[in-house]
There are 4 protein chains.
Amino acid sequence: MSVSVLDHPILAGLLGDREIAAFFSVEAELEAMLDFEAALAGAEAEKSIIPEAAGKAIADAIAGFRPDVEKLAQATARDGVVVPELVRQLRAAVGKPHSGHVHFGATSQDVIDTGFALRIGKALDLLQARIDMLVERLGELDLRDGANPVMAHTRMQAAIEVPASRKISSWREPLLRHRARLSTVRKEIAVLTFGGAAGTLDKLGSTGEQVTARMAKRLGLGIVSHARHSERDGQAELAGWLSLVTGSLGKMGADIALAAQSKIGEIRLKGGGVSSAMPHKVNPVGAEVLVTLARFNATLVSGMHQALVHENERSGAAWTLEWMLLPQMAVATGAALRTAIDLIDNIEFSAKGD
Amino acid sequence: MSVSVLDHPILAGLLGDREIAAFFSVEAELEAMLDFEAALAGAEAEKSIIPEAAGKAIADAIAGFRPDVEKLAQATARDGVVVPELVRQLRAAVGKPHSGHVHFGATSQDVIDTGFALRIGKALDLLQARIDMLVERLGELDLRDGANPVMAHTRMQAAIEVPASRKISSWREPLLRHRARLSTVRKEIAVLTFGGAAGTLDKLGSTGEQVTARMAKRLGLGIVSHARHSERDGQAELAGWLSLVTGSLGKMGADIALAAQSKIGEIRLKGGGVSSAMPHKVNPVGAEVLVTLARFNATLVSGMHQALVHENERSGAAWTLEWMLLPQMAVATGAALRTAIDLIDNIEFSAKGD
Amino acid sequence: MSVSVLDHPILAGLLGDREIAAFFSVEAELEAMLDFEAALAGAEAEKSIIPEAAGKAIADAIAGFRPDVEKLAQATARDGVVVPELVRQLRAAVGKPHSGHVHFGATSQDVIDTGFALRIGKALDLLQARIDMLVERLGELDLRDGANPVMAHTRMQAAIEVPASRKISSWREPLLRHRARLSTVRKEIAVLTFGGAAGTLDKLGSTGEQVTARMAKRLGLGIVSHARHSERDGQAELAGWLSLVTGSLGKMGADIALAAQSKIGEIRLKGGGVSSAMPHKVNPVGAEVLVTLARFNATLVSGMHQALVHENERSGAAWTLEWMLLPQMAVATGAALRTAIDLIDNIEFSAKGD
Amino acid sequence: MSVSVLDHPILAGLLGDREIAAFFSVEAELEAMLDFEAALAGAEAEKSIIPEAAGKAIADAIAGFRPDVEKLAQATARDGVVVPELVRQLRAAVGKPHSGHVHFGATSQDVIDTGFALRIGKALDLLQARIDMLVERLGELDLRDGANPVMAHTRMQAAIEVPASRKISSWREPLLRHRARLSTVRKEIAVLTFGGAAGTLDKLGSTGEQVTARMAKRLGLGIVSHARHSERDGQAELAGWLSLVTGSLGKMGADIALAAQSKIGEIRLKGGGVSSAMPHKVNPVGAEVLVTLARFNATLVSGMHQALVHENERSGAAWTLEWMLLPQMAVATGAALRTAIDLIDNIEFSAKGD
């Protein structure tokens, strides 16, 4: 389907991002959830919470497991979450006598949140690499055009001439700060969630901590003191970071669109968009898209903060809202970085400053 | 792809809506845009703006036309809008000597906005029918359970007992008002957009008004005094209406989730969701989803109001933002109404009030 | 205090509005609440719900009543709403034997919501008058400058020349539509709220409807079928309308700031702002403020839609959120209209189109 | 005035915060701006940018300077910013021959942004102290009631019993993380802004860096590589942090309101609010207010992210939007922490778990 432009066969090339979106495909999602179940069974077998043979049987079953997506969809419409049916199917695949050991001690949110953590971790790697690339390109642009004079504009009026370098650095430096912020953000989101029904790992007794440590190691995720089922600051902080990135790129886009105005001409665009009514025009499409994506994420970040009011030990309402917002924000950020890199490759500051 | 839960093979059954989403499929979108081009050519032929033979040739070509979606995607990534490439493909399909008459006097925004109007008009019909159905079901619930006593709660504390009827009417009456508001909303959105490059129909001279009238008639859309390329109050008002509907349903969902709490038990749920950790629980999934969808639309409506700041004669930035938000809001509203109808069919007020 | 710029001794002249703010002063608020209590006592005395002498005594007491604001503040910090203490003070002022008849059958929300309705009704009158005035000024501007050519810009690039009239009408016509929408908005907000503890007027028995009718008449407010304590679509719709108005003015502001750019010069500003660093600049302050106010209301409207999720018969959380948002939105709208009128009085379209 | 509840004589006691609001009084604001001018003159005198006598004369004048607030308001309504008139008044106070050395090389945004930095730094100290106090109180609550059993609720349904300690730690741990995040936030916001007209300190030549260092030292602010006039990530990050804090407290408030429901009774409230219609009720006012403040900040944070799209070297539109949002967010956060501390002091977990 194509309700969201980020999933749209035509518009996703403009506003979406194939690489980041891949982390939010159903396939990647199911794979990550099964990675959780495999790590759980492996760790529990190591600690003799479940029989070694069960751990082996579950790992084998997962290796060749193809969930029935249609049935997952039907059950999710009823259960509000895919995990109960996924576990049911996985248990059927494992078969007797080990099926009862699947998902032992875990709850749906453990699976979903950890599955998200696994994927967002990789997505953040990619976003980081793009930030680095964009910073580099801006450095090259600065080397080439930085000495050209441009008119500084304050309150939409010409102020005084400055070197283009000044403008370029106002685009680059926030990116360096976002780059630095990322390690903090990652630390709170790329973590294992494992708490069981009410966040207390009640079924694991004294071994909870050790199982958790082993699972985290298997999955390459950070460990936190307990499952943050209802503490969603990591998610909201991630959303804020994504929106900081798109916001800074939106500022760059707005600057470029203004500098490329027909009568201003301080920036020349190569490869802008075509108009259906006026084929001679060169539209600053990429620059405008950066503004759009900035305002999109600036809109959605609000919902992620609303979702902090996550009542009790698990709020279906607040948790589900995150699912509706975070993947879109991540993909929009990927799209903005991709667009920005392409845009910077295709602009030049006029030598005369106008 | 499945970045948005509304397009997600597993989650769309929970949070999306197949019927409303169908209006936002690529197929429906292309069809609606081609309907615009057909109506344009037909009306222009009638008024001899283009040769009658050209009108016929364009209509024939459109009837059998299959756009190359991959090429549309590539061009859109560059142009920021699908129309230039779509027109190019259509012209190729029309062939000489009539190809030059395709899209005469129109601009991309005419095609996109009218295409949206055609589809949202039908989507609103469906939403209206669902509101009517939900109002009816609430009436039936009232007839059956309305006399049962329930505890009114103010500020989360028990206040005094009231008949369930009072609570049911607080769910139903806002729907009746939304129903009444819909005709106003529809009047400003289900309209033809036809303005040409700068909204003045500059290429049509004195015939602009007559061509517009004929096009509107062919398309079954309302006529407005001129193309509202940069006046987006109709879109923002639509977004507001969609969010009013989901907001009222969110209130109903919150009420039901509260009344169905284990220790309150004023409402009993049939067919709630299953938990992966606690199979005995019956989760008020539909009620929670209503809250989620309400908060989702309440979040997105902000972006639609930001998009009112639509600079100049056409803002790529603000216009594109609408594309990112409105279809999702419409589908979320469809999902909320569908969920609400199902939920009301599956609740009963306890006879004793607790 | 001056936490909000709308209350700020220095900034309120720029971003606030003295006349609209007056409706949200403590004095106006207390007066409106006392008007409710007077109308209640009067109507109840007419229908013999309370003794005629009590009605008279209450009216007399209210006429000379000066609430102790400090005590109101202290009690509100505890009670979450001012009404219990206000009623206590009023009862003390009425004295024996009639004090017990004060506020009979009413609840805090009746007083607060009706008090708001009384004031917003007058505020809407003023906003409407300003819209009318702005429409008129735009008409005069059109008469004077409408034939001047201006460059239409699409996607931030020069497109084709159009008469200034086209641009002016894109500013004026949304205002006419907002004007038309206002009567619908007003109908749902300028209403009496009278429902008692749980919205059922339980203490008034069969006379509820008649007392309601008499109160509404005394207060000049509309009657609705029952108190909408938990149905907040009227409030959210009002917020949407306010944001539609500021959004359309924000578009006008953005257009003017762009057209007044140093190198564009299609619009000349009289009386812009002074810069501390560059005294020669003329800044399009009013135009920018319109954009600011548009984005402010576009932000706040989201919270008003979140507040639709108003659980149970009265949600302290959701209701209080309205108090934090709606007055600011109304004042911002007043400020935008005032600023817009002043701005239109101080621009002229260049005769040469550039 | 009292448009905002945060400035409201009656409501600010409930929803505002006297201590944090004090940093946003006009007096504090003017004082901070004059501190900037004094530090500027002092540093410039040290580096012989201005005569030593001028530095002395400016310092002396500032010491006894009382701005004419009414004139400041009038000029601000025209200039969009208070600084030009403030500098004019200050120059008059300094008098000949030194008046021309006032504000040398600086621009309005330097004064405003630095003035804000000075005040928010102190406000953050206070917020931090309150977080510490709240963490401590939660620790005490845990010691006293942590072993009491409470029912964990997932998806609004009773799940399994857990110790109250588990719930309390889900309130406390996010606060510890916010505490840790604060140093990062502070580093980017409690900084000197000094860039001159276009951010290049063009009037200071080679001494810019040294003057900046001396000013920062005098003001106790951090130094950044150049003025971030148009890079607003520090402001948006601050807003995000404020909303993270209120969001986590909103979760706590929601939990407490749910646990204090009449039929749940897992938490008992001392000192709740009084109802005007039902004097026997004890309303969880503080708990609800926490939800309100969370949703308020979650709404406003969106506007701060919109303001990241800060075009060119200074955007009047985007910058002014910050003024409308940030002070309110800071005060709301102060109010939430104050309310939370008071609430925790007034709850107890029922010994029996229900």
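This is a predicted model, so every value here is computed, not measured.

Draft legend 1. Looking closely at the overall build of chain A. Within chain A, the secondary structure is distributed over 12 helices and four strands. The principal-axis extent of the C-alpha atoms belonging to chain A is close to 80 × 40 × 35 Å. Here chain A, with 354 residues, has 71% of them falling under the buried criterion. Taking the intrachain contacts of chain A between residues at least 6 apart in sequence as the baseline, contacts between residues at least 24 apart amount to 78%. When the accessible surface of chain A is totalled, it reaches about 10,700 Å², and 53% of it is carbon and sulfur.

Draft legend 2. Spotlight on the relation of the copies chain D and chain C. Of the transformation superimposing chain D on chain C, the axial component is 0.0 Å and the angular component is 180°, with the fit at an RMSD of 0.0 Å. Those values place the two copies in the arrangement expected of a two-fold rotation axis. Take the interface residues of chain D: 100% of them recur as interface residues in chain C, which is what a same-surface contact looks like.

Draft legend 3. Inspection of helix H6 (residues 83–94) of chain C at higher detail. Residues and elements named next belong to chain C. Compared with the 16 Å implied by 1.5 Å per residue over 12 residues, the 16 Å span of H6 between its first and last C-alpha is a close match. Among all positions of H6, only Val83, Pro84, Glu85, Leu86, Val87, Gln89, Leu90 and Val94 are buried. Of the residues trailing H6, Gly95 is marked for its positive phi of about 75°.

Draft legend 4. Structural detail: the interface of chain D and chain C. With 68 residues of chain D at the contact, the number on the chain C side is 68 residues. Overall, the association of chain D and chain C removes approximately 5,600 Å² of surface from exposure, summing both partners, and the carbon and sulfur fraction of that is 68%. Considering only the surface of chain D that becomes buried against chain C, D:Val3, D:Ile10 and D:Met324 emerge as the three largest contributors, covering 14% of it. Where chain D meets chain C, there are zero salt bridges. Taken together, chain D and chain C are joined by 17 residue pairs in polar contact (both at pLDDT 80 or more). Elements represented by at least two residues in the side of chain D that touches chain C include exactly helix H1 (12–15), helix H3 (26–46), helix H5 (69–79), helix H6 (83–94), helix H11 (285–306) and helix H12 (316–344) of chain D. Of the residues contributing to the side of chain D that touches chain C, the split by class is 38 nonpolar, 23 polar and seven charged.

Draft legend 5. Structural view of the interface of chain A and chain B. On the chain B side, the residues contacting the 69 residues of chain A number 68 residues. At the boundary of chain A with chain B, total buried surface from both sides reaches about 5,600 Å², with 68% on carbon and sulfur atoms. Summed over the three residues of chain A that lose the most area to chain B, namely A:Val3, A:Ile10 and A:Met324, the buried surface amounts to 14% of that side. Taken together, the links from chain A to chain B amount to 17 residue pairs in polar contact (both at pLDDT 80 or more). For the side of chain A that touches chain B, the secondary structure elements donating two or more residues are helix H1 (12–15), helix H3 (26–46), helix H5 (69–79), helix H6 (83–94), helix H11 (285–306) and helix H12 (316–344) of chain A.

Draft legend 6. Focus on the packing of helix H10 (residues 233–259) of chain A against helix H8 (residues 164–189) of chain D. Packing of H10(A) against H8(D) leaves a shortest axis separation of 11 Å and a crossing angle of 35°. Contact residues: H10(A) offers A:Asp233, A:Gly234 and A:Glu237, while H8(D) offers D:Pro174, D:Arg177, D:His178 and D:Arg181. Counted by class, the contact of H10(A) with H8(D) contains one nonpolar, two polar and four charged residues.

Draft legend 7. Quick look at the packing of aromatic side chains. Residue and element names in this part refer to chain A. For the coordinates displayed, the defined rule picks out 16 aromatic pairs over all chains. Taking 6.3 Å as the distance between ring centres and 65° as the angle between the ring planes, the aromatic pair formed by Phe36 and Phe194 counts as edge-to-face. Here the residue Phe36 occupies a position in helix H3, and Phe194 occupies one in the loop between helix H8 (164–189) and helix H9 (208–219), the gap between them amounting to 158 residues. Comparing Phe36 with Phe194 shows no difference in burial state: the two are buried. Seen from their ring centres, Trp171 and Phe349 are 6.1 Å apart, and the 25° between their planes marks the pair as stacked. Taken together, the residues Trp171 in helix H8 and Phe349 in strand E4 (residues 347–349) connect sequence positions 178 residues apart.

Draft legend 8. Examining the environment of B:Leu30 more closely. With respect to the helices, strands and loops of the structure, B:Leu30 is situated in helix H3 (residues 26–46). In this structure B:Leu30 comes out as buried when scored by relative accessible area, which is 8%. Along the chain, B:Leu30 and B:Leu86 lie 56 residues apart, while their C-alpha atoms are 8.8 Å from each other. Those residues within four positions of B:Leu30 in sequence are excluded, and the remaining contacts are A:Ile10, B:Pro67, B:Val69, B:Leu72 and B:Leu86.

Draft legend 9. Expanded view of the relation of the copies chain A and chain B. Of the transformation placing chain A onto chain B, the axial shift is 0.0 Å and the rotation is 180°, giving an RMSD of 0.0 Å. A high fraction, 99%, of the interface residues of chain A reappear at the interface in chain B, so the copies pair face to face through one surface.

Draft legend 10. Structural detail: the side chain of D:Thr339. Residue and element names in this part refer to chain D. Positionally, Thr339 belongs in helix H12. At a separation of 2.7 Å, a polar atom in the side chain of Thr339 contacts the main-chain carbonyl oxygen of Ala335. In contact with Thr339, other than residues within four places in its own chain, are Leu14, Gly286, Val289 and Leu290.

Draft legend 11. Representation of unusual backbone geometry in the model. Residue and element names in this part refer to chain A. A cis geometry characterises the amide bond from Lys96 onward to Pro97, with omega recorded as 0°. Along the chain, Pro97 turns up in the loop between H6 and helix H7 (108–145). Although it is not a glycine, Met156 sits at a positive phi angle of roughly 65°. Relative to the assigned elements, Met156 resides in the loop between strand E1 (149–154) and strand E2 (157–163).

Draft legend 12. Structural view of the pairing of strand E1 (residues 149–154) of chain D. Residue and element names in this part refer to chain D. Alignment of E1 against strand E2 (residues 157–163), held across five bridges, turns out to be antiparallel. Each residue of the ladder has a partner; that of Pro149, found in E2, is Pro163. The antiparallel hairpin formed by E1 and E2 contains two residues in its connecting segment, where Arg155 sits at a positive phi of about 50°.

Draft legend 13. How the structure looks around H10(A). Helix length check: H10(A), at 27 residues, gives a terminal C-alpha distance of 38 Å against a target of 39 Å (1.5 Å per residue), a fit within 8%. Along H10(A), 27 of the 27 residues are buried, which leaves the element largely enclosed by surrounding structure.

Draft legend 14. Examining the pattern of salt bridges more closely. Applying the stated rule across the entire model yields 100 salt bridges over all chains. Note that C:Arg232 and C:Glu322 form a salt bridge whose closest N and O atoms lie 2.7 Å from each other. Here C:Arg232, found in the loop between helix H9 (208–219) and helix H10 (233–259), pairs with C:Glu322, found in helix H12 (residues 316–344); they are 90 residues apart in sequence, far enough to count as distant. Each member of the pair, C:Arg232 as well as C:Glu322, is classed as buried. Residues joined by salt bridges that share partners form a network here, namely A:Arg177, A:Arg181, D:Glu231, D:Asp233 and D:Glu237.

Draft legend 15. Spotlight on the side chain of D:Asn297. Residue and element names in this part refer to chain D. With respect to the helices and strands, Asn297 occurs in helix H11. Here the side chain of Asn297 touches Met329 through a polar contact of 3.4 Å, landing on its backbone oxygen. Here the side chain of Asn297 touches Thr333 through a polar contact of 3.1 Å, side chain to side chain. Not counting chain neighbours up to four residues away, the residues in contact with Asn297 comprise Leu242, Ser243, Thr246, Met329, Ala332 and Thr333.

Draft legend 16. Representation of the environment of C:Arg232. Residues and elements named next belong to chain C. Taking relative accessible area as the criterion, Arg232 reaches 3% and is therefore assigned buried. When neighbours within four sequence positions are excluded, Arg232 is seen to be in contact with Gln109, Asp113, Ala307, Leu308, His310, Trp319 and Glu322. A distance of 3.2 Å separates a polar side-chain atom of Arg232 from the backbone oxygen of His229. A polar side-chain atom of Arg232 sits 2.7 Å from a polar atom in the side chain of Glu322.

Calculation notes
Residues numbered from 1 in each chain as written. Chains lettered and ligands numbered in written order. Predicted model: local features only at pLDDT ≥ 70, side-chain atom pairs only at ≥ 80, totals over all residues. Heavy atoms only, no water. Helix = DSSP H or I, 4+ residues; strand = E, 2+ residues; numbered from the N terminus. Buried < 20%, exposed > 50% of the residue type's maximum accessible area, 1.4 Å probe, protein only. Contact = heavy atoms within 4.5 Å. Areas by Shrake-Rupley, 256 points an atom, 1.4 Å probe, with all protein chains shown as cover. Least-squares fit on C-alpha atoms with pLDDT ≥ 70 in both. Expected span 1.5 Å × (residues − 1). Buried area = accessible area lost by both parts, 1.4 Å probe. Salt bridge = Lys/Arg side-chain N within 4 Å of Asp/Glu carboxyl O. Polar contact = N/O pair within 3.5 Å; in protein donor to acceptor, adjacent residues only side chain to side chain. Nonpolar A, V, L, I, M, F, W, Y, C, P; charged D, E, K, R; others polar. Axes fitted to C-alpha atoms, helices over the stretch in contact; angles between N-to-C directions. Phe/Tyr/Trp six-rings, centres within 6.5 Å; stacked < 30°, edge-to-face > 60°. Pairing = 2+ DSSP bridges.

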